Structures are given as C-alpha cells and as structure tokens.
Amino acid sequence: MLGKVLILVDEEKDWLSQKMKETGLVDIAQVYRKITYAQKRLRTLHYHTSLPKTCWYGTWQHQVADYDTVILFDVFLDSDVAEYIEKAAPRARLIVFYRNPWYNNYYVKGEARKKCEIWSFDQDDCQKYGLKFNHQFYFYAAADQPVDTAYASDLFFVGKDKERLPLLRKMQDELTKDGVNVRMYVVGERKKYTPEEQAFLHKEHLSYPEVLKYNKNTNCLLELMQENQAGFTLRTVEAMFFNKKLVTNNPYLARCSFYHPRNIYVLGRDPRSLTDFLLKEPAAAWNPQVVESYSFEHWLKNFEKD
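Predicted, not measured: the structure shown is a model, and the values here were computed from it.

**Here we look at the nonpolar core**
In step 1: By size, the foremost hydrophobic cluster in this structure holds 51 residues, and its most contacted members are I7, M20, I71, F73, F258 and W299.
In step 2: Among the elements that take part in this core, helix α9 (residues 234-242) stands out by supplying five residues, more than any other.
In step 3: Setting aside chain neighbours within four positions, we find F258 in contact with F232, M240, L253, I264, W286, V290 and Y294.
In step 4: Counting 30 residues, the second largest nonpolar core, distinct from the first, contains A29, I85, A92 and V96.

**With respect to the sheet that holds strand β1 (residues 5-9)**
In step 1: Pairing is parallel across the open sheet formed by six strands, whose spatial order is β2-β1-β3-β4-β5-β6. Two strands lie at the open edges of the sheet, namely β2 (27-30) and β6 (132-133), each paired on one side alone.
In step 2: Pairing of strand β4 (residues 93-98) with strand β5 (residues 117-120) involves four bridges; the strand directions are parallel. Residue pairing for β5: F97 is matched across the bridge by W119.
In step 3: Its contacts with the sheet place helix α12 (residues 296-305) against β1, β3 (69-73), β4 and β5, and it is angled at close to 130° to β4.

**A closer look at helix α3 (residues 80-88)**
In step 1: Here α3 has its buried residues at D80, V81, A82, I85 and E86.
In step 2: Looking at the buried residues of α3, the elements they touch are β1, β3, β4 and α4 (110-115).

**A short note on the pairing of β1**
In step 1: In terms of residue burial, β1 counts as a mostly covered element, since five of its five residues are buried.
In step 2: Burial along β1 is two-sided: the face carrying V5, I7 and V9 and the face carrying L6 and L8 are both buried.
In step 3: Both β1 and β3 contribute to a ladder of four bridges, which runs parallel. Counted as the bridge partner of V5 is T69 from β3.
In step 4: Judged from the four bridges that link them, β1 and β2 form a sheet pairing that is parallel.

**Some thoughts on the pattern of salt bridges**
Where charged atoms from two side chains of opposite charge come close, those side chains can pair.
In step 1: Under the criterion given, the structure shown has 12 salt bridges.
In step 2: Between E117 and R93 there is a salt bridge, with the nearest N and O atoms lying 2.7 Å from each other. Taken together, the residues span a long stretch of sequence, with E117 in strand β5 and R93 in strand β4 at a distance of 24 residues.
In step 3: Taking the relative accessible area as the measure of exposure, R93 reaches 22% and is therefore partly exposed.
In step 4: Of the charged contacts in the structure, one is a salt bridge between R190 and E197, with a shortest N-O distance of 3.6 Å.
In step 5: A relative accessible area of 42% means that R190 is categorised as partly exposed.

**Re the packing of aromatic side chains**
In step 1: What the rule picks out here adds up to 29 aromatic pairs.
In step 2: Ring plane angle 70° and centroid distance 5.2 Å describe the contact between F97 and W299, whose orientation is recorded as edge-to-face. A residue pair is termed long-range when its members are at least 10 positions apart, and F97 in strand β4 and W299 in helix α12 qualify at 202 residues.
In step 3: The exposure class of F97 is buried, given its relative accessible area of 0%.
In step 4: Residue classification places W299 among the buried positions, given a relative accessible area of 0%.
In step 5: With 5.2 Å between their ring centres and 65° between their planes, F137 and F296 make a pair best called edge-to-face. Here the residue F137 occupies a position in the loop between β6 and β7 (155-160), and F296 occupies one in helix α12, the gap between them amounting to 159 residues.

Conventions and cut-offs
Residues numbered from 1 in each chain as written. Predicted model: local features only at pLDDT ≥ 70, side-chain atom pairs only at ≥ 80, totals over all residues. Heavy atoms only, no water. Core = buried A, V, L, I, M, F, W, Y, C linked by side-chain atoms within 4.5 Å. Buried < 20%, exposed > 50% of the residue type's maximum accessible area, 1.4 Å probe, protein only. Helix = DSSP H or I, 4+ residues; strand = E, 2+ residues; numbered from the N terminus. Contact = heavy atoms within 4.5 Å. Pairing = 2+ DSSP bridges. Axes fitted to C-alpha atoms, helices over the stretch in contact; angles between N-to-C directions. Salt bridge = Lys/Arg side-chain N within 4 Å of Asp/Glu carboxyl O. Phe/Tyr/Trp six-rings, centres within 6.5 Å; stacked < 30°, edge-to-face > 60°.

Pasting the structure below:
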C-alpha cells in the first residue's frame, strides 16, 4: 500500500496537477516556491554552489514527514530535493518518476539514487539505465468535452517544432489536397524561420483546456515522437480516452496488444493510403480494459506491485 501520497510537481495549479488532486487519492505540492525572474537567475547561480538549497523549496518541506509515499516528478534541478526528502522523511518511500525522455532531464545522482526508486514511462530508458517502468496516465473526466464544430477536423496535431516542421508542413499540404481537414498548432523554437515557415507557426502555446476541445472534435490525433524515444506520448493515451484514431511514427505501437489497424496508422510502415485511413476507414472502439490500464488510478496501483 502507498498510504498517504504526496506528488511533487512543477506547477500545482496547472491542468495535470489539478486533475490528480481532484481524484482525492493524492496531495499535490510545487517543488519550488514561486519566485521572480531575477530570483530564478539567482537560484541558478546558487545551484552552482554547495550551499543548502531549501530556501527555494515550497512549503511541502515542512510536512513531508507526514507522508508514507512521496512521488517526485522530473522537475528538479539537482539531487538535493531527493536528498532532503530522504533525510526529512526517512520512513517515506521516495519514487522519482520521469515523465519525459531520460536525455531531457536532470538526474538523481550519488547516494540519493541508491536510496530512492527511479521510474520512467520510456521502456527503452528503463532497459538502458536500469530504471523501473510505469506507463503514461490520463483521466476519464478529461474526455467529457462538448461537441463543437468550431474545433472539428479530420486530423489534429499540437506541439513544438522540435525539428518536425518540414514533415508537418508536407503532411498538411498533401492531405489538404486530398480533401482532409487538417488542423495543426505548432509553436516555433528556433530564432530564425523562413517567411513560409513563420506563416505556418503559431506564436503562443495553446492552453491545454483548448487542446481538449480539439481532441474531442477531431477524428484522429497525430503523434510524432522525438528521436530516440520509445515510450508512449500523451497523444497515445489521449486517443484511447477520447476514443479517436491515431496516426503515429512510433513503430512500437504496431506490436502492442491493443493495436487495431482501424485505430492506428504507423507512418513509414503502413502500406495503406493515409487519406483512406483518415476519411474512409471507420474507427473501432478502444477496449475499455485497455483504456482503464492507462488511467491515473492504474498508474498509482502499479507502484504498489513493486
């Protein structure tokens, strides 16, 4: 049993944190206290010293000993947070969960890594670095969105450029010519783009509540994995919970037990016409048992099995 659980996150008032809190199964707290931009620069300098870092922590540090299990998301700047928890709450089970690819993160090092449990959503990372595996998760309530034709599409993508812009532009051009209603919301990351690329990009991030509206009213979600990533992205579990088709460049999905050709199209490997998959092939309902196995509740239970 996990007992009383505290999850430490980057922002306790964002959508994900609020949804976890609404389940009533866990408490949520922000790893670092709110600070100004100038203070963030000072904090960065501070982290290059050996001085104690607790002055930057949130108020959770005063109650952490009250918890049986502490789950620390990959939002920390160094091993000091894990080290502090181990000293302040020695009887608590400390789990570090990486929700992003290993190479994009700070790592727990030294004695802290020996004492706490390191988990990841990426199965390849687990095999390479000796981590424990737990899946991505989602919430049933998220799919409870109104039908709104203003957000309708045959294919929807949202995300940062991440060197995917040429492929995204090509896909939109080709599919649009075939009569596919494509909606892509891509935010740039580079300093320089051509005028044609700028016209394709959006300047501001789309809020996640808005993303939910597009998810509800599209027929299919587009997932483009980062290089060297093997775990499911949020798009995969969104497709499950919203009962949508999925177009992906992740070949691993074709080997999964839940793969169904009417629901999943693997780019570069599927011999079918992508346009036909989007417009002509009817979707199959996702298996409710599969959907449940990627819920937040199931994610928590997986830690109990260890």
